[in-house]
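# Chain and residue survey
Residues per chain are reported as follows:
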4 protein chains.
Amino acid sequence: MAALNSIPGEVHCAQDYEILARHFLSEADYAYIAGGCGRDSTLRANREAFDSVRLWPRLLRDVRHGHLASTLLGHALPHPIMLAPLAYQTLAHPQGEIDVARAAAATDSCLILSTLSGRSIEETMPHAGEARWFQLYFQADQAATLDLVRRAESAACQVLVVTLDTAIKLPSLGALRSGFSMPARVVAANLTNYRAPAQLALARGQSRIFQGAMAGAPNLDDLRWLLGQTRLPIVVKGVLHPEDALMLKAMGIAGLVVSNHGGRSLDGAPASLEVLPAIRAAVGPGYPLLLDSGVRSGTDIFRGLAAGANAVLVGRLQVYALAVAGALGVAHMLRLLREELEACMAQAGCATLADIGPQMIYRNKDEA
Amino acid sequence: MAALNSIPGEVHCAQDYEILARHFLSEADYAYIAGGCGRDSTLRANREAFDSVRLWPRLLRDVRHGHLASTLLGHALPHPIMLAPLAYQTLAHPQGEIDVARAAAATDSCLILSTLSGRSIEETMPHAGEARWFQLYFQADQAATLDLVRRAESAACQVLVVTLDTAIKLPSLGALRSGFSMPARVVAANLTNYRAPAQLALARGQSRIFQGAMAGAPNLDDLRWLLGQTRLPIVVKGVLHPEDALMLKAMGIAGLVVSNHGGRSLDGAPASLEVLPAIRAAVGPGYPLLLDSGVRSGTDIFRGLAAGANAVLVGRLQVYALAVAGALGVAHMLRLLREELEACMAQAGCATLADIGPQMIYRNKDEA
Amino acid sequence: MAALNSIPGEVHCAQDYEILARHFLSEADYAYIAGGCGRDSTLRANREAFDSVRLWPRLLRDVRHGHLASTLLGHALPHPIMLAPLAYQTLAHPQGEIDVARAAAATDSCLILSTLSGRSIEETMPHAGEARWFQLYFQADQAATLDLVRRAESAACQVLVVTLDTAIKLPSLGALRSGFSMPARVVAANLTNYRAPAQLALARGQSRIFQGAMAGAPNLDDLRWLLGQTRLPIVVKGVLHPEDALMLKAMGIAGLVVSNHGGRSLDGAPASLEVLPAIRAAVGPGYPLLLDSGVRSGTDIFRGLAAGANAVLVGRLQVYALAVAGALGVAHMLRLLREELEACMAQAGCATLADIGPQMIYRNKDEA
Amino acid sequence: MAALNSIPGEVHCAQDYEILARHFLSEADYAYIAGGCGRDSTLRANREAFDSVRLWPRLLRDVRHGHLASTLLGHALPHPIMLAPLAYQTLAHPQGEIDVARAAAATDSCLILSTLSGRSIEETMPHAGEARWFQLYFQADQAATLDLVRRAESAACQVLVVTLDTAIKLPSLGALRSGFSMPARVVAANLTNYRAPAQLALARGQSRIFQGAMAGAPNLDDLRWLLGQTRLPIVVKGVLHPEDALMLKAMGIAGLVVSNHGGRSLDGAPASLEVLPAIRAAVGPGYPLLLDSGVRSGTDIFRGLAAGANAVLVGRLQVYALAVAGALGVAHMLRLLREELEACMAQAGCATLADIGPQMIYRNKDEA
């Protein structure tokens, strides 16, 4: 079904876009978007982690001065709901990231554009609000990487987000079984002018993985090099281990996205939400931590903030809403999430993000 | 199906009214009554909490002198099963709260009439027994609040129950999806003579939640004011946190209802039964604590008492029985609950409510 | 279907009789036999307890001298599988307890005949082997109780088993919903010559449970009186609490059956298997403890012995096998159980019952 | 369906052979192969153990020098995926173990040929690579046992694997109910020239298990005798208890296979994966430990190595792939497993097997 030009009536909560989107995407495309990787165990772990966190509301707290605003990496953040970088959103809607950017501008949301976006930096960013970040994948050719940085700078991006958890991407078995393949019309618009990386010739006994796919994976030197190339703050996405967090903080990384790539990276990895408290404990209270992977409701956002995040990234709901109703759908979904978060805060007795901490999480004594 | 004038034959336990009621309510009305809020996670948590509590029976205890009587807030309580305040019971039966009151009188049960009852204080209370309490929602207009208090006093109510956990009420997704809306014939009979609150005009950037819905939410000052307006004991309903319990006790609140509003307030809140022991530990052994949310059987009542409650509130079973067979159904349901509790006590070796304590709960050493 | 005169071919393990029996019993009779009480939560707990116990086999243990024999209450016990006392077995097969006794004799199994048996002590016991016990329910009339004891003594019973956990018996909701009622042809054959107890007249305000059903429940004095009336060892059935176990041991009770009446007594009580280790710890290593409730295989018997039992009682499998193929079925079922136990012991590296202890149970360190 | 001569297109991961094989095996044969024993509880425990282990990936680790090679019992092991000894593979494919050996040679995999193979040592081993082991069941006749050892030595086997956990083999209830019986064409090719063991005559009162099936079970003396008969290293298969592991190590056994026979030995035994860490802790870091039972993916292999194994054995996937596409299928399955392991290592940040240890396993603090 073609995307609507109006907000559908049957959406009662942000997650309803997940259900509706089935009617606006082919079965194979839906399987590709909805799936994680492998047997989807980390995809499920993300949801189970959110669902298992219970909130402990307080009574009689005055929330009439309540708001969602905070500051992140030196910029005002009107609310803590950010649009995660997603590849190839033209798969879901012809306007792709352009419509996402328009929704971001309309809802004061921070947009993180993917290196693999279906629409280029130059096409997309003019439609975004001031809060615009660029997600960077290291390219095989360093010059191409640097060019992407410069283009992001030129487009007034405030922050670079370097994703480090996907040297190898394997679709979910569900997507494979559905016969999904990326349609020819969907391209990585940012990369069309760069040379394709040379085909690697493996010697006998060499591994397609170690000496093949991983040959170009970014390493510490690449990251250090990048830190020297730009004055933009660099955030690393894909962190799940406190020791990695500490190392990255020590080398000058400005913040982290705790993420398992929405369950699309290593099947069997823990839920982002679950490892977040240990990472917060490691980096200390002042360091920017964003949570990604599994967020489906305002209550989930509350859970993420209570577990130690400064803000959260919303991935799949973004593309589902885009598929259903383009920019309008994404903006509507973001407004729903925001009101769900506010309602949750009001009922729990929290007026501001600063009030949402671990003390708002109920743990019975058997779990303690 | 219209409500019966006789007790249906196929009811083998109080909870059977939950099953039968499906035939006496429209699908949407049933969804509205049965649902919690949001994704119903707290609704499920309530049942899981009861189901997971195991009883540890003792042998050869003499229970021939057994009974269910106790004293609560200075009044004799023939048995510890109270009728929870429910809004709009005329949705389920034309007689609504009048029939509930008749059942309460017939079974020596304490009735707690809701501010939002479908039948007014004046219509209902003449049919109730002596044990009659009034549940108070603060009104936007203080004069209206005070008038409700005076009307409750005039109707010989013994206790005021102030509900504090529902500044925002969101129906469950199930109810929303069923298309439920309150029929025009069902009104809040107690409030028809009060002015509707003025429509709030929000400034740009203000939140529909924080500056809108929460603008009139009661705060500490409101509660202190109320304590000065009446000589009736005030009980607060909606407590889930030991620190809130301590604060309320310290300010002169006479007792508490540990409740998550039957899973209809904050989706994600813990089960009432689960937090009860910590609240009992905080307020000490002598302070009145009532348990609400999730009770479906006499065994559940035993579990609630063993966890620290002085009595329990029965909500949904009340309206299900009302829908099935009016006053007769509610009275029958209460009698079944009472006998289920007595049978459970007899089999467990407890003759009186004082015998039901934490020592009657089995916990295996892995859980300890 | 009428009971077979031969062993059915499709029985691969003792528990297969549970499946087959559906074809030999009416739906309502099956529901009555298979059900527990209330919501069947204890019935399920029994099975979950067995299923969750894992065995830790040892290698290279010599079991060529293996056997199942032990001594119990001064009598040789060829194997530790006893036939639990079951009421009204003529419901399942016209020969009822007579056929069970014949199977017991054929397989060297100890028979425990119920007070409520469908065939009388005098009809049944001549068919049993030497290992014959009688289960005693206290009667309203003490003279009747004493007469039952004398009849058991005359029938050469070795032990009296006094059941104390069923002052009130409530069928399962499943049995109630199936419309089960005991057919007129099925009677408590041992009791036909005793006067029916007088109908109790309750005063207003008295409870049908406390002052009604429990009026005749046995108390400590009754048990002491019984100890003075017979030289037979008295075993108490229905113990779930270590303190009750200690009290009973102290007053001269010869042994205990740890039992929740197959989940037919207090719905919500813990699994017998689960409480057994604490009871064994309380009474010490030398005191006779039998396990009842939930046994369905030789592996379950191993689990029970490892948890501290000297022997186990088999209830429902007995009546299922009886329904399918009378004495032949019961004998076959017992032989299967016995070989299942032997195979389990051999694979685990245990040659005798004395080798089966808590050290044979695997607990991972998270459970420890 | 007859086995294919090509790799089927719809195989996206090694485990897909499990699904496909249903079309290449009769229902009864599939039930026999897929089943465990008894109620399959250990079969399920194996999978649950793997599924519950979560991996903790690290970022920015350089894996470009990555490989899977190690040394085991003095021999180079190109990768840690070994072909478990399976009985009667001619059931699945006319070529049986010959095709498995060809796949092993083509993929540098170590083959462990079963005593009960459908193709003999002499038929099979010429097709295998250098890495060839022989699995030995003790025979009733010691001369036959010794002859098997000599034949394995003659066939240049590097290691003898003595299986000790299957004195009694009981098929699963599923296999029994499917009516499975071994077809006449499938024989234990290695044993056709030995005398069948004499039929044991049991005296009255003797047990078919203890004095029957277990009469010929190997004991400590047999194992000591074997150690004196060959210079080949002897590995024991079937170990689940740390104390057995210590004893076997102390008596000169060269390594152990931690195994519950794929859930086909003692139903109720713990998962191999679960007991592995305790066994590794007992025997120390240098001692060869192989993991068997439940491996279905490269991620599972990673889990096994992280839990303390030097290599893993693959059983059912082997016969499934054989049934689908003979030697080609087995080789393809092995290549998939290998790449799955490499991808998992690359994503987790492990370049070599030495990098895979307990630190790669995520345990949340509630489990710790």
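Residues numbered from 1 in each chain as written. Chains lettered and ligands numbered in written order. Predicted model: local features only at pLDDT ≥ 70, side-chain atom pairs only at ≥ 80, totals over all residues. Heavy atoms only, no water.

Naming follows an unreviewed UniProt entry, where chain A appears as Alpha-hydroxy acid oxidase of Azonexus hydrophilus. According to its UniProt record, chain A has this under Sequence similarities (unreviewed entry): "Belongs to the FMN-dependent alpha-hydroxy acid dehydrogenase family." Under the heading Cofactor (unreviewed entry), UniProt records this for chain A: "FMN". (UniProt positions renumbered as here; feature names shortened; annotations may be inferred.)

### Focus on the overall build of chain A
Across its full length, chain A carries 13 helices and 12 strands. Taking 368 residues into account, the globule formula puts the C-alpha radius of gyration at 21 Å, and chain A, at 20 Å, falls close to it. By its C-alpha atoms, chain A is 70 × 50 × 40 Å across when sized along the principal axes. Sequence separation of at least 24 residues holds for 72% of the intrachain contacts in chain A that already meet a minimum separation of 6. In the form shown here, chain A has an accessible surface area of approximately 13600 Å², with 53% of it arising from carbon and sulfur atoms. One way to put it: in chain A the 32 positive side-chain charges average out to a point 2 Å from where the 33 negative ones average out. (Helix = DSSP H or I, 4+ residues; strand = E, 2+ residues; numbered from the N terminus. Rg over C-alpha atoms; globule rule 2.2 N^0.38 Å. Contact = heavy atoms within 4.5 Å. Areas by Shrake-Rupley, 256 points an atom, 1.4 Å probe, with all protein chains shown as cover. Lys, Arg positive; Asp, Glu negative; His and termini not counted. Charge placed at Lys NZ, Arg CZ, Asp CG, Glu CD.)

### Considerations on the environment of glutamine 206 of chain A
Residues and elements named next belong to chain A. Its place among the elements puts glutamine 206 in the loop between helix H7 (173-177) and helix H8 (208-212). Excluding residues that lie within four positions of it along the chain, glutamine 206 makes contacts with Ala201 and Gln211. Within the structure, the side chain of glutamine 206 is placed 2.7 Å from the backbone nitrogen of alanine 203, a separation counted as a polar contact. (Polar contact = N/O pair within 3.5 Å; in protein donor to acceptor, adjacent residues only side chain to side chain.)

### A few points about the relation of the copies chain B and chain A
With an RMSD of 0.0 Å, the fit of chain B onto chain A corresponds to turning through 90° and sliding 0.0 Å along the axis. Here the two chains are linked by the operation of a four-fold rotation axis. (Least-squares fit on C-alpha atoms with pLDDT ≥ 70 in both.)

### Side note on the interface of chain D and chain C
Each partner contributes residues to the interface: chain D has 40 residues there, and chain C has 35 residues. With both sides pooled, the region where chain D packs onto chain C buries about 3200 Å², and carbon together with sulfur makes up 56% of that total. Of all residues in chain D, the largest losses of buried area upon contact with chain C belong to Arg39, Phe210 and Leu266 of chain D, amounting jointly to 22% of the total for that side. Our enumeration of links across chain D and chain C arrives at 5 salt bridges. Across the pair arginine 177 of chain D and aspartate 16 of chain C runs a salt bridge, and its minimum N-O distance is 2.4 Å. Inspection of the region where chain D meets chain C yields 13 residue pairs in polar contact (both at pLDDT 80 or more). (Buried area = accessible area lost by both parts, 1.4 Å probe. Salt bridge = Lys/Arg side-chain N within 4 Å of Asp/Glu carboxyl O.)

### Quick word on the pattern of salt bridges
Tallying each qualifying case throughout the model produces 68 salt bridges over all chains. Notably, a salt bridge pairs arginine 58 of chain D with glutamate 243 of chain A, separated by 3.6 Å at the nearest N-O pair. Of this pair, arginine 58 of chain D sits in the loop between strand S1 (54-55) and strand S2 (70-72) while glutamate 243 of chain A sits in helix H10 (residues 242-250), on two different chains. Residue glutamate 342 of chain C pairs with arginine 338 of chain C through a salt bridge whose shortest N-O separation is 3.9 Å.

### What about unusual backbone geometry?
One can expect most non-glycine residues to show negative phi and most peptide bonds to be in trans. Positive phi values are uncommon outside glycine, yet aspartate 40 of chain A reaches one of about 65°. With respect to the element layout, aspartate 40 of chain A can be found in the loop between helix H2 (27-34) and helix H3 (41-52). A positive phi angle is found at aspartate 108 of chain D, which is not glycine, with a value near 55°. Here aspartate 108 of chain D lies in the loop between helix H4 (97-106) and strand S5 (110-113). A relative accessible area of 45% places aspartate 108 of chain D in the partly exposed class. (Buried < 20%, exposed > 50% of the residue type's maximum accessible area, 1.4 Å probe, protein only.)

### What to know about the arrangement of the chains
There is no contact between chain A and chain C; across them, the least C-alpha separation is 13 Å. Considering only C-alpha positions, the minimal separation of the non-contacting chain B and chain D is 13 Å.

### Comments concerning the pairing of strand S11 (residues 311-314) of chain A
All names here are of chain A. Neither face of S11 is open: one carries Ala311 and Leu313, the other Val312 and Val314, and all of them are buried. Here strand S4 (residues 81-83) runs beside S11; their pairing, made up of 3 bridges, is parallel. In the sheet register, leucine 83 faces S11, and the bridge partner there is valine 314. Relative to S11, strand S10 (residues 289-291) is paired through 2 bridges, and the arrangement is parallel. Across the sheet, residue leucine 291 finds its bridge partner in S11, namely valine 312. Running through helix H12 (residues 298-306), the crossover from S10 to the neighbouring parallel element S11 is right-handed. (Pairing = 2+ DSSP bridges. Right-handed = clockwise from strand over helix to strand, strands pointing away.)

### A short note on helix H2 (residues 27-34) of chain C
Residue and element names in this part refer to chain C. In terms of burial, H2 is a largely internal element, 6 of the 8 residues being buried. Those residues of H2 lying buried are Ala28, Asp29, Tyr30, Ala31, Tyr32 and Ile33. Check the buried side of H2 and you find it contacts helix H1 (16-20), helix H7 (173-177) and helix H13 (316-348).

### Description of the state of the cysteines
What is meant by a disulfide is a covalent connection between two cysteines, made through their sulfur atoms. All names here are of chain C. Going through the model one piece at a time under the given rule, you end up with 0 disulfides over all chains. With no disulfide of its own, cysteine 157 has cysteine 110 as its nearest cysteine by sulfur position, at a separation of 9.3 Å. Note on cysteine 157: relative accessible area 5%, which makes it buried. (Disulfide = S-S within 2.5 Å.)

### With respect to the interface of chain B and chain A
Interfaces are frequently sized by the accessible area removed from exposure as the parts join. At the interface, 40 residues of chain B touch 36 residues of chain A. Both faces combined, the contact of chain B with chain A buries some 3200 Å², and carbon together with sulfur accounts for 56% of it. Summed over the three residues of chain B that lose the most area to chain A, namely Arg39, Phe210 and Leu266 of chain B, the buried surface amounts to 22% of that side. The interface formed by chain B and chain A contains 5 salt bridges. Salt-bridge contacts for aspartate 244 of chain B lead to arginine 58 of chain A; the nearest nitrogen and oxygen are separated by 3.1 Å. Where chain B touches chain A, the interface holds 13 residue pairs in polar contact (both at pLDDT 80 or more). Mapped by element, the contributors of at least two residues to the side of chain B that touches chain A are helix H7 (173-178), helix H8 (208-212), helix H9 (220-227), strand S8 (234-239), helix H10 (242-250) and helix H11 (272-283) of chain B. A total of 5 residues in the side of chain B that touches chain A trace back to one element, the largest contributor, which is H10 of chain B.

### Examining the sheet that holds strand S4 (residues 81-83) of chain B
Residues and elements named next belong to chain B. Strands sit in the order S4-S5-S6-S7-S8-S9-S10-S11 around a closed barrel of 8 strands; the barrel is parallel. Put simply, the sheet's adjacent strands are angled 30° from each other on average, direction ignored. By the bridge criterion, 4 bridges tie strand S6 (residues 132-136) to strand S7 (residues 159-163) in an arrangement that is parallel. Each bridged residue has a counterpart across the sheet, and for tryptophan 133 the counterpart in S7 is valine 159. Against the sheet, helix H4 (residues 97-106) makes contact with S4 and strand S5 (110-113), and its axis sits at roughly 160° relative to S5, the strand it touches most. (Axes fitted to C-alpha atoms, helices over the stretch in contact; angles between N-to-C directions.)

### Brief notes about the packing of helix H4 (residues 97-106) of chain A against helix H13 (residues 316-348) of chain A
All names here are of chain A. The contact between H4 and H13 brings their axes to 7 Å, and the two run at 15°. As far as their axial angle goes, H13 and H4 are roughly parallel. Considering only the axes of H4 and H13, their crossing is left-handed. Here H4 contributes Asp99, Val100, Arg102 and Ala103 to the contact with H13, which in turn contributes Gln318, Leu322, Gly326, Ala327, Val330, Ala331 and Leu334. (Parallel < 35°, antiparallel > 145°, perpendicular 65-115°, else oblique. Left-handed = near helix turned anticlockwise from the far one by under 90°.)

### Observations concerning the packing of helix H10 (residues 242-250) of chain C against helix H11 (residues 272-283) of chain C
Residue and element names in this part refer to chain C. Running from amino to carboxyl end, H10 crosses H11 at an angle of 35°, the nearest separation of the two axes being 9 Å. Crossing hand, H10 versus H11: right-handed. Across the interface between the two elements, Pro242, Ala245, Leu246 and Lys249 of H10 pack against Ala278, Ile279, Ala282 and Val283 of H11. Class assignment for the residues of the contact of H10 with H11 results in 7 nonpolar, no polar and 1 charged. (Nonpolar A, V, L, I, M, F, W, Y, C, P; charged D, E, K, R; others polar.)

### Remarks on the side chain of serine 293 of chain B
Residue and element names in this part refer to chain B. With respect to the helices, strands and loops of the structure, serine 293 is situated in the loop between strand S10 (289-291) and helix H12 (298-306). Residue classification places serine 293 among the buried positions, given a relative accessible area of 3%. Within the local environment of serine 293, its side chain forms a polar contact with the side chain of serine 259, the two groups lying 3.4 Å apart. Reaching out from serine 293, the side chain makes a polar contact with the side chain of asparagine 260 at a distance of 3.1 Å. If near-sequence neighbours (up to four positions away) are discounted, serine 293 is found in contact with Asn46, Phe50, Ser259, Asn260, His261, Gly262 and Ser272.

### A closer look at the environment of glycine 255 of chain B
Among the structural elements, glycine 255 of chain B can be located in strand S9 (residues 255-258). The sequence separation of glycine 255 of chain B and proline 288 of chain B amounts to 33 residues, and the corresponding C-alpha distance is 4.7 Å.

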